[in-house]
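Spelled out from the first residue to the last, the chains are:
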Number of protein chains: 2
Amino acid sequence: MVNSPRPMRRPHGRSERLREQVHRAVVDLLAERGPDELTIPLVAERSGVHQATLYRRWGKIAALLQDMVQAGPARTSALPDTGTLRGDLEAYAVGVAGSLAGPLGVLMLRAAVDAIPATADRGPSTVLAERRVQLGEMLGRARDRGESPPAVADLLEVVVAPLYFRALFDRPASAQDARQLVDRLLGDYSSPR
Amino acid sequence: MVNSPRPMRRPHGRSERLREQVHRAVVDLLAERGPDELTIPLVAERSGVHQATLYRRWGKIAALLQDMVQAGPARTSALPDTGTLRGDLEAYAVGVAGSLAGPLGVLMLRAAVDAIPATADRGPSTVLAERRVQLGEMLGRARDRGESPPAVADLLEVVVAPLYFRALFDRPASAQDARQLVDRLLGDYSSPR
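Cut-offs used in this document
- Residues numbered from 1 in each chain as written.
- Chains lettered and ligands numbered in written order.
- Predicted model: local features only at pLDDT ≥ 70, side-chain atom pairs only at ≥ 80, totals over all residues.
- Heavy atoms only, no water.
- Helix = DSSP H or I, 4+ residues; strand = E, 2+ residues; numbered from the N terminus.
- Buried < 20%, exposed > 50% of the residue type's maximum accessible area, 1.4 Å probe, protein only.
- Contact = heavy atoms within 4.5 Å.
- Areas by Shrake-Rupley, 256 points an atom, 1.4 Å probe, with all protein chains shown as cover.
- Axes fitted to C-alpha atoms, helices over the stretch in contact; angles between N-to-C directions.
- Parallel < 35°, antiparallel > 145°, perpendicular 65-115°, else oblique.
- Left-handed = near helix turned anticlockwise from the far one by under 90°.
- Nonpolar A, V, L, I, M, F, W, Y, C, P; charged D, E, K, R; others polar.
- Expected span 1.5 Å × (residues − 1).
- Salt bridge = Lys/Arg side-chain N within 4 Å of Asp/Glu carboxyl O.
- pLDDT = per-residue confidence, 0-100.
- Domains from an automatic or database assignment.
- Buried area = accessible area lost by both parts, 1.4 Å probe.
- Polar contact = N/O pair within 3.5 Å; in protein donor to acceptor, adjacent residues only side chain to side chain.
- Core = buried A, V, L, I, M, F, W, Y, C linked by side-chain atoms within 4.5 Å.
- Phe/Tyr/Trp six-rings, centres within 6.5 Å; stacked < 30°, edge-to-face > 60°.

1. A word on the overall build of chain A
The number of helices and strands found in chain A is 10 helices and zero strands. For chain A, the α and β elements follow one another from N to C terminus as α-α-α-α-α-α-α-α-α-α. Counting all 193 residues of chain A, 46% fall into the buried class. Contacts spanning at least 24 positions in sequence make up 66% of the contacts within chain A whose residues lie at least 6 apart. Split by element, the accessible area of chain A, about 10100 Å² in all, is 51% carbon and sulfur.

Below, the structure written as structure tokens:
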């Protein structure tokens, strides 16, 4: 028994609902202020969750932010469902660009980098695992409508990777930049030649 | 006079040569060991520079690594000049992939992320500024040979951004992955349709 792996903790019931409620409050607060101004009392006030509960569960703001980053974008923002492939891709890309321009995006980048071990044999990060599944569902809806969606991997490489690269090494991408990346992706996959 | 900007410090003479000599020693040592095992005495031994000089200039290993990261990839690895556009792009892409799989690449990612201010109105990072100039020169050589090179911005978006994205959120890209990204770039720009 000692070496058997612990089962992955799944979202469930009241505890998970409270977690999402607190995460949403932090997303809202981050949109209004920098991460340095976040405090447990402020999160308590906004979320309607008792300070004592917050201190018991996360101890301090840094641990709460780390928990949100671990939950990944799959938990902190829903994917669009506009009824067309281009509409979904543009709304998604513009959302990623906007998130990377704000404080939660920077925290997520920082956490992703901190999670990389400085060794040669590192495995894939789990931060985007759930998001990949959601993206597959979004593209599956397009296929069901008779459209020709790209693969998730191509969406990540052609659209999402440049958005992250810009956030790292340039000004964050604008909504227009994000839509141009979608043009590039759809030009490769679904426009007539 | 008080408000006139200080001139940018340019590489010059003995001091800059010593800096490059020390940086090269650190690159070699990082290829052999993790960053946690680096010490000033070890760098002194490998570089042939006196410990006292290293302590006076950088104080500690963390400051030396930060200095290397600030110098950016433009200083720590030269660009290829193979005689063909595809050869140069493949050698460059494979080099970036290899570097991101190793400890210096992780340190560079970390430094790039740490340099992002958590505010809305952030400007472009300078880490890649010198590299962009070098890449422009590499692509200029292709144009001089009569080839049709892509723009630097497209090289960064189509090839380099996915390499960074993989290093952040997946296993680091292999040499073969890197070459496939070059195929995608050249398919867009110079192969016959």
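2. A word on the packing of helix H7 (residues 103–114) of chain A against helix H7 (residues 103–114) of chain B
Here H7(A) crosses H7(B) at 160°, and the two axes come no closer than 9 Å. With respect to their mutual orientation, H7(A) and H7(B) come out roughly antiparallel. Here the hand of the crossing between H7(A) and H7(B) comes out left-handed. Between H7(A) and H7(B), the residues in contact are Leu109(A), Arg110(A), Val113(A) and Asp114(A) and Leu109(B), Arg110(B), Val113(B) and Asp114(B), respectively. Residue composition of the contact of H7(A) with H7(B), by class: four nonpolar, no polar and four charged.

3. Quick look at helix H1 (residues 13–32) of chain B
Taking 1.5 Å of rise per residue, the 20 residues of H1(B) would be expected to cover 28 Å, and the 29 Å separating its terminal C-alpha atoms lies within 8% of that figure. The set of residues buried in H1(B) consists of Glu16(B), Leu18(B), Arg19(B), Val22(B), His23(B), Ala25(B), Val26(B), Leu29(B) and Leu30(B).

4. Re the packing of helix H6 (residues 85–101) of chain B against helix H9 (residues 152–169) of chain B
All names here are of chain B. Contact pair H6 / H9: the axes reach a minimum separation of 9 Å and the direction vectors enclose 20°. Considered as vectors, H6 and H9 are oriented roughly parallel to each other. Handedness of the crossing formed by H6 with H9: right-handed. Packed against H6, whose contacting residues are Leu 89, Tyr 92, Ala 93, Val 96, Ala 97 and Leu 100, the element H9 presents Leu 155, Leu 156, Val 159, Val 160, Leu 163, Tyr 164 and Ala 167 at the interface. Among the residues forming the contact of H6 with H9, the class breakdown is 13 nonpolar, no polar and no charged.

5. Let's talk about the pattern of salt bridges
Going through the model one piece at a time under the given rule, you end up with 22 salt bridges over all chains. Note that Arg132(A) is salt-bridged to Asp170(B), the shortest N-O span being 3.6 Å. Placement of the pair is Arg132(A) in helix H8 (residues 129–144) and Asp170(B) in the loop between H9 and helix H10 (175–189), with the two residues belonging to separate chains. With relative accessibility at 27%, the residue Asp170(B) sits in the partly exposed group. Between Glu90(B) and Arg86(B) there is a salt bridge, with the nearest N and O atoms lying 3.6 Å from each other. Of the two residues, Glu90(B) and Arg86(B) both sit in helix H6, four residues apart, roughly one turn of that helix. Residue class for Arg86(B) comes out partly exposed when judged on its relative accessible area of 36%.

6. A short note on the confidence of the model for chain A
Residue and element names in this part refer to chain A. On average, chain A scores 82 in pLDDT, and the residues at 70 or more come to 82%. Taken together, the stretch residues 1–10 has pLDDT below 50 and engages in three contacts with residues farther than four places along the chain or on a different chain. Predicted confidence is poor over residues 189–193, with pLDDT under 50, and the contacts of this stretch with residues over four places away or in other chains come to nine contacts. Our summary of model confidence lists the complex with pTM equal to 0.76 and ipTM equal to 0.74.

7. Concerning the domain arrangement of chain A
Many structure descriptions define interface size as the accessible area lost when the parts assemble. All names here are of chain A. Here chain A is described as being made up of domain 1 (14–68) and domain 2 (73–190). Opposite the nine residues of domain 1 that make contact, domain 2 presents six residues. Roughly 630 Å² of surface becomes buried between domain 1 and domain 2 when both sides are summed, with 72% attributable to carbon and sulfur atoms. Taken together, the connections running from domain 1 to domain 2 amount to zero salt bridges. Remark: the boundary between domain 1 and domain 2 carries zero residue pairs in polar contact (both at pLDDT 80 or more).

8. Here we look at the nonpolar core
Here is a general trend for soluble globular proteins: nonpolar side chains tend to be buried in one another's company. Ranked by size, the top nonpolar core spans 97 residues in total, and within it Leu163(A) and Leu163(B) carry the most contacts. Beyond its immediate sequence surroundings of up to four residues, Leu163(B) is in contact with Ala93(B), Val96(B), Ala97(B), Leu100(B), Ala173(B), Ala178(B) and Leu181(B). Grouped together as the second largest cluster of nonpolar side chains are 22 residues, Leu42(B), Val43(B), Val69(B) and Leu104(B) included.

9. Quick notes on the packing of aromatic side chains
For any pair of aromatic rings, the description consists of the separation of the ring centres together with the inter-plane angle of the planes. Taken as a whole and judged by the stated rule, the model has six aromatic pairs over all chains. Centre to centre, the rings of Tyr164(A) and Phe165(B) are 5.4 Å apart; their planes meet at 65°, and the pair counts as edge-to-face. Here the residue Tyr164(A) occupies a position in helix H9 (residues 152–169), and Phe165(B) occupies one in helix H9, the pair thus bridging two chains. Taking the relative accessible area as the measure of exposure, Phe165(B) reaches 6% and is therefore buried.

10. Re the side chain of Arg19(A)
Assignment of secondary structure puts Arg19(A) in helix H1 (residues 13–32). Among the polar contacts listed, one links the side chain of Arg19(A) to the side chain of Asp67(A), at a separation of 2.8 Å.

11. Notes on the environment of Asp67(A)
Residue and element names in this part refer to chain A. Residue position: Asp 67 is located in helix H4 (residues 61–71). Owing to a relative accessible area of 17%, Asp 67 belongs among the buried residues under this scheme. Taking the C-alpha atoms as reference, Asp 67 lies 11 Å from Met 108; in sequence the two are 41 residues apart. Once residues lying within four places of it in the same chain are set aside, the contact partners of Asp 67 are Arg 19, His 23 and Trp 58. A polar side-chain atom of Asp 67 sits 3.0 Å from a polar atom in the side chain of Trp 58.

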